[in-house]
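A closer look at the structure
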There are 2 protein chains.
Amino acid sequence: MKVYLDNNATTKVDESVFEAMKPFFCEIYGNPNSLHDFGAGTHKKMAQALDYLYDGIRANDEDDIVITSGATESNNWVLKGVWIDEIMHGEKKHIVTTEVEHPAITATCKFLEQQGVEVTYLPVNEQGTIEAHTVRDFIRDDTALVSIMWANNETGKLFPIEEIGQICREKDVLFHSDATQAIGKLPVDVVRCNLDFISFSAHKFHGPKGVGGLYIKAGRKLTPLFHGGEQMGGRRAGTVDVAGMIGMGEAMKLVTSPGALAHEENYVRALRDKLENAILEMEDTVVIGGTENRTPNTTLISIRGVEGEAMLWDLNQNGIGASTGSACASEDLEANPVMNAFGSDSELAHTGVRFSLSRYNTMEEIEYAIEKIKGAIKRLRGISSSYAYAPESHKSGL
Amino acid sequence: MKVYLDNNATTKVDESVFEAMKPFFCEIYGNPNSLHDFGAGTHKKMAQALDYLYDGIRANDEDDIVITSGATESNNWVLKGVWIDEIMHGEKKHIVTTEVEHPAITATCKFLEQQGVEVTYLPVNEQGTIEAHTVRDFIRDDTALVSIMWANNETGKLFPIEEIGQICREKDVLFHSDATQAIGKLPVDVVRCNLDFISFSAHKFHGPKGVGGLYIKAGRKLTPLFHGGEQMGGRRAGTVDVAGMIGMGEAMKLVTSPGALAHEENYVRALRDKLENAILEMEDTVVIGGTENRTPNTTLISIRGVEGEAMLWDLNQNGIGASTGSACASEDLEANPVMNAFGSDSELAHTGVRFSLSRYNTMEEIEYAIEKIKGAIKRLRGISSSYAYAPESHKSGL
């Protein structure tokens with residue numbers, strides 16, 4: 001049996017999304033900017049896709065949703081645009097973010113620090129999140145931007161976006177959220193949360209890879225990351241990925257309908273909880289950040305004595321795909337930054353395994369996965385020099 | 001009959017390209033960076049695609065070809081990367097380019113000028129190109145980069161890339177070429193031409209939209225435009241568009257085989273010449289930049305008394321898609337910058353119509369197009385206030 005439990009890394013494209021995209025490769029292939037029917041043939045479906053995107057995140061008509069190549073582009077764009085507009089050519093010099101953002105935020109912030117920008121990385125608490133008042137405490141007169149993720153990619157833990165939005169409005173500071181892991185998992189309402197910008201990627205919600213978006217509230221300036229042609233109202237040059245945009249719209253429609261969100265909240269959550277509870281029955285296991293206030297599909301579990309990468313290889317032998325954390329960091333062997341943020345000791349820092357589910361998973365798959373995961377834990381603990389022979393006191397010190 | 005003559009704006013995806021991409025939406029959908037077979041299942045075809053890209057542009061194995069979202073990203077990346085590396089954090093402050101680059105270059109240069117970078121825009125000569133020695137004359141001690149397109153998108157005119165590469169090597173200046181309109185139309189050899197960087201877009205050579213590449217010669221530093229995960233060896237963060245990359249590789253293989261280039265040079269050129277010669281039989285028509293030294297598929301023709309946009313609308317009624325110039329600029333009514341560069345008077349500046357062919361065009365289509373184009377010219381001249389009643393001396397002043 002094949003069981004895909006790595007949906008926070010990427011997702012299967014929904015068959016109906018692919019069907020919506022298909023005509024736009026070999027049949028309706030014109031450039032949407034062209035003044036002929038080959039180009040204009042794309043307009044109706046592109047407009048419909050935009051409608052789905054606006055509806056999906058509850059944007060106002062006068063706001064902009066700009067099609068990008070994905071959340072990495074969107075995140076880089078916001079941070080570098082604000083750097084140029086508000087810091088290089090303005091009076092501001094400070095950005096507030098967290099220690100557990102996706103690398104597209106943290107690596108970009110490190111780059112900006114080299115350019116003289118001051119960045120505050122808020123640490124997360126034991127629940128893997130921050131309290132909104134912390135943001136208020138760290139906003140300064142020269143703060144240009146607050147950038148805080150909606151849901152963490154590794155733990156699924158949620159951040160208090162609505163309260164932070166309220167604080168940013170009071171303090172008159174721009175507010176961005178990387179909503180990549182939130183879309184399709186919980187309601188996202190950019191207006192209610194007073195957001196100026198959000199980033200997202202289609203491939204995290206059963207759309208295609210290589211396409212995403214940046215929401216920009218009406219009236220917000222943001223120097224382009226891509227200068228050039230006048231596409232996207234001059235906000236983002238380059239021929240639009242027509243098929244990708246249409247696929248993303250279709251995917252957004254599918255995952256943000258009330259029925260779909262309820263299915264995520266009930267069905268997917270039940271599968272995740274079943275899997276998680278079965279692993280927690282084994283001793284010396286713990287859910288990083290605890291089980292409250294998470295996206296319904298994600299669990300990051302630390303399994304003492306089991307090196308995360310070894311676990312992945314063992315599961316892979318049994319057809320199960322999981323992750324030690326963000327796929328964006330998984331080719332190197334550095335300790336997972338989220339595990340570090342939780343203050344895990346150096347041994348525990350490498351023991352996290354992330355299971356992230358989707359609506360495509362079945363109870364049968366989860367039962368199969370539980371059996372294989374339990375087997376893997378026993379096998380790997382049996383050969384672990386740090387666990388198998390450790391004193392009982394050590395084992396339960398978790 | 002439908003006749004698509006706007007292949008410099010974008011192209012139909014080849015059916016076999018789409019077939020190569022298809023499994024990577026709903027079947028083999030893992031993240032290539034993941035440590036499981038769902039991700040690893042993508043590796044073989046991705047490696048093959050890279051092989052096709054390296055072969056297609058004759059890159060050395062130790063060079064990098066980074067997958068981007070298209071030439072607009074690649075162009076922005078080179079210019080902004082060089083700005084940060086060599087100008088902001090270096091001793092250089094000058095860039096040499098031409099007046100007729102794609103907006104992704106010229107608009108980015110305008111942005112860099114606002115940041116204090118000095119840019120020389122070389123004018124083109126009456127043949128629509130530059131002579132290589134001009135570049136030598138304008139390279140200064142503080143020149144960081146020469147960026148000159150391989151082939152112009154509007155006229156198809158070629159630039160002396162090999163000679164300019166030789167000059168840049170002698171002068172020890174980085175050399176970039178936007179090769180978007182060259183790939184698949186003539187041989188592109190990055191090593192022989194001493195290039196440090198070239199940009200390209202898959203959708204200009206029968207690959208998908210939303211994916212392209214940046215060639216980076218071995219050893220060349222270039223600060224990323226997208227910071228984040230470690231994809232592409234840390235050069236460009238973000239989950240790779242797996243299907244797009246595989247499609248681009250397949251498209252590159254198809255268009256750069258010796259047979260394909262010969263077909264372009266013979267078959268496509270013959271169709272283009274037939275179309276062009278038929279239009280030139282009508283009085284007061286001229287090929288902008290002349291007929292020598294062009295890509296085989298393109299002609300930009302000025303037809304006195306015929307407003308380009310009116311011509312497009314007329315042709316569109318007959319199922320023919322053409323352009324007044326770059327689709328990237330065609331939503332506004334500014335005079336075509338290439339026409340301006342040729343010193344066209346204000347009346348002629350709006351009379352250019354670009355026909356750009358591909359291997360999918362047939363002789364039957366071209367014959368149909370010729371008939372309709374001639375009819376349109378007569379119709380539009382008949383209602384032109386500046387042409388129909390103009391003295392003969394004016395008409396032949398072209």
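Residues numbered from 1 in each chain as written. Chains lettered and ligands numbered in written order. Predicted model: local features only at pLDDT ≥ 70, side-chain atom pairs only at ≥ 80, totals over all residues. Heavy atoms only, no water.

**Brief notes about the sheet that holds strand β10 (residues 298-303) of chain A**
All names here are of chain A. Spatial strand order, β9-β10-β12: three strands in an open sheet with antiparallel pairing. Single-partner strands in this sheet number two, and they are β9 (285-287) and β12 (352-356). For this sheet the average axis-to-axis angle between neighbouring strands, irrespective of direction, equals 25 degrees. Sheet topology note: the β9/β10 ladder contains three bridges and is antiparallel. Paired with Val287 across the two strands is Ile301, which belongs to β10. The strands touched by helix α10 (residues 258-280) within the sheet are β9, β10 and β12, with β10 carrying the most contacts at an inclination of about 10 degrees. (Pairing = 2+ DSSP bridges. Helix = DSSP H or I, 4+ residues; strand = E, 2+ residues; numbered from the N terminus. Axes fitted to C-alpha atoms, helices over the stretch in contact; angles between N-to-C directions. Contact = heavy atoms within 4.5 Å.)

**Concerning the side chain of A:Asp178**
Residues and elements named next belong to chain A. Relative to the helices and strands, Asp178 resides in strand β6 (residues 174-178). Here Asp178 occupies a buried position and makes no salt bridge, while the nearest side chain of opposite charge, Lys204, is found at 8.8 Å. There is a polar contact of 3.1 Å between the side chain of Asp178 and the side chain of Asn75. Excluding its chain neighbours within four sequence positions, the residues that come into contact with Asp178 are Ala71, Asn75, His102, Ile148, Met149, Trp150 and Ser199. (Buried < 20%, exposed > 50% of the residue type's maximum accessible area, 1.4 Å probe, protein only. Lys, Arg positive; Asp, Glu negative; His and termini not counted. Salt bridge = Lys/Arg side-chain N within 4 Å of Asp/Glu carboxyl O. Polar contact = N/O pair within 3.5 Å; in protein donor to acceptor, adjacent residues only side chain to side chain.)

**Here's the deal with the interface of chain B and chain A**
Contact residues are listed per partner, giving 74 residues for chain B and 74 residues for chain A. Carbon and sulfur atoms make up 62% of the area that chain B and chain A hide from each other, which totals about 5900 Å². Inspection of the region where chain B meets chain A yields 24 residue pairs in polar contact (both at pLDDT 80 or more). For the side of chain B that touches chain A, the secondary structure elements donating two or more residues are β1 (3-4), α1 (15-21), α2 (23-26), α3 (37-40), α5 (71-88), α6 (103-114), α11 (308-317) and β11 (320-321) of chain B. (Buried area = accessible area lost by both parts, 1.4 Å probe.)

**A short note on the side chain of A:Thr239**
Looking at where A:Thr239 falls in the secondary structure, it is placed in the loop between β8 (212-216) and α9 (242-256). Overall, A:Thr239 belongs to the buried group, its relative accessible area being 12%. There is a polar contact of 3.5 Å between the side chain of A:Thr239 and the side chain of B:His203. Discounting chain neighbours no more than four positions away, the residues touching A:Thr239 are A:Asn31, A:Gln231, B:His203 and B:Lys209.

**Concerning the environment of A:Gly81**
Residue and element names in this part refer to chain A. Inspection of the secondary structure puts Gly81 in helix α5 (residues 71-88). We classify Gly81 as buried; its relative accessible area is 3%. A sequence separation of 35 residues divides Gly81 from Met46, and the C-alpha atoms of the two residues are 26 Å apart. Apart from residues no more than four positions distant in its own chain, Gly81 is found in contact with Asn76, Leu222 and Thr223.

**Concerning the pairing of strand β7 (residues 197-201) of chain B**
Residue and element names in this part refer to chain B. Of all the five residues making up β7, five are buried; the element is thus mostly covered by neighbouring parts of the structure. Two strands pair when backbone bridges link them, and strand β6 (residues 174-178) and β7 are joined in this way by three bridges, in the parallel orientation. Bridge pairing in β7 links His176 to Phe197. Two strands pair when backbone bridges link them, and β7 and strand β8 (residues 212-216) are joined in this way by five bridges, in the antiparallel orientation. Along β8, the bridge assignment pairs Phe197 with Ile216.

**Remarks on a negative patch on the surface**
A contiguous patch of negative charge on the surface is contributed by A:Asp51, A:Asp55, A:Asp61 and A:Glu62. With respect to the helices and strands, the residue A:Asp55 is situated in helix α4 (residues 43-57). (Patch = residues over 30% accessible without salt bridge, like charges linked within 9 Å, V, L, I, M, F, W, Y side chains within 5 Å. Areas by Shrake-Rupley, 256 points an atom, 1.4 Å probe, with all protein chains shown as cover. Charge placed at Lys NZ, Arg CZ, Asp CG, Glu CD.)

**Points about the sheet that holds strand β2 (residues 64-68) of chain A**
Residues and elements named next belong to chain A. Strands sit in the order β2-β8-β7-β6-β5-β3-β4 across an open sheet of seven strands; the sheet is mixed. Either end of the sheet is taken by a strand with one partner, and the two such strands are β2 and β4 (118-122). Looking at each pair of strands side by side, their axes are set apart by 20 degrees on average, direction ignored. Examined bridge by bridge, β2 and β8 share five bridges and lie antiparallel to one another. By the bridge assignment, Asp64 is partnered in β8 with Ile216. Lying over the sheet, helix α8 (residues 161-171) contacts β5 (143-147) and β6, oriented at roughly 160 degrees with respect to β6.

**Here we look at the domain arrangement of chain A**
Residues and elements named next belong to chain A. What the domain assignment reports for chain A is domain 1 (3-9 + 258-386) and domain 2 (15-255). The gap between the C-alpha centroids of domain 1 and domain 2 is 27 Å. Summed over both partners, the interface of domain 1 with domain 2 buries about 2300 Å², with 53% contributed by carbon and sulfur atoms. Along the contact surface separating domain 1 from domain 2 lie eleven residue pairs in polar contact (both at pLDDT 80 or more). Of all elements in the fold, only α10, β10 and α12 (337-341) reach the threshold of two or more residues within the side of domain 1 that touches domain 2. Looking at the side of domain 1 that touches domain 2 residue by residue, the class counts come to twelve nonpolar, 13 polar and five charged. (Domains from an automatic or database assignment. Nonpolar A, V, L, I, M, F, W, Y, C, P; charged D, E, K, R; others polar.)

**Observations concerning unusual backbone geometry**
A positive phi is found at A:His206, a non-glycine position, where the angle reads about 70 degrees. Among the structural elements, A:His206 can be located in the loop between β7 (197-201) and β8. Of note in this structure, B:Asn194 is not a glycine but carries a positive phi near 60 degrees. Counting through the fold element by element, B:Asn194 comes out in the loop between β6 and β7.

**Quick notes on the pattern of salt bridges**
The final tally for this structure, using the stated rule, is 42 salt bridges over all chains. With a shortest N-O distance of 3.2 Å, B:Lys374 and B:Glu281 are connected by a salt bridge. Highlighted residues: B:Lys374 in helix α13 (residues 363-382) and B:Glu281 in the loop between α10 (258-280) and β9 (285-287), separated in sequence by 93 residues. Taking relative accessible area as the criterion, B:Glu281 reaches 61% and is therefore assigned exposed. Through salt bridges that share partners, A:Glu118, A:Arg140 and A:Asp142 make up one connected network.

**Thoughts on the packing of helix α4 (residues 43-57) of chain B against helix α9 (residues 242-256) of chain B**
Residues and elements named next belong to chain B. Closest axis-to-axis distance for the α4/α9 pair is 8 Å, and the angle between their directions is 40 degrees. Relative to α9, the element α4 is oriented oblique. In this structure, α4 crosses over α9, and the sense of that crossing is left-handed. Residues Lys45, Met46, Ala49, Leu50, Tyr52, Leu53, Gly56 and Ile57 of α4 form the contact with α9, whose participating residues are Val242, Met245, Ile246, Met248, Gly249, Glu250, Met252, Lys253 and Thr256. Residue composition of the contact of α4 with α9, by class: eleven nonpolar, three polar and three charged. (Parallel < 35°, antiparallel > 145°, perpendicular 65-115°, else oblique. Left-handed = near helix turned anticlockwise from the far one by under 90°.)

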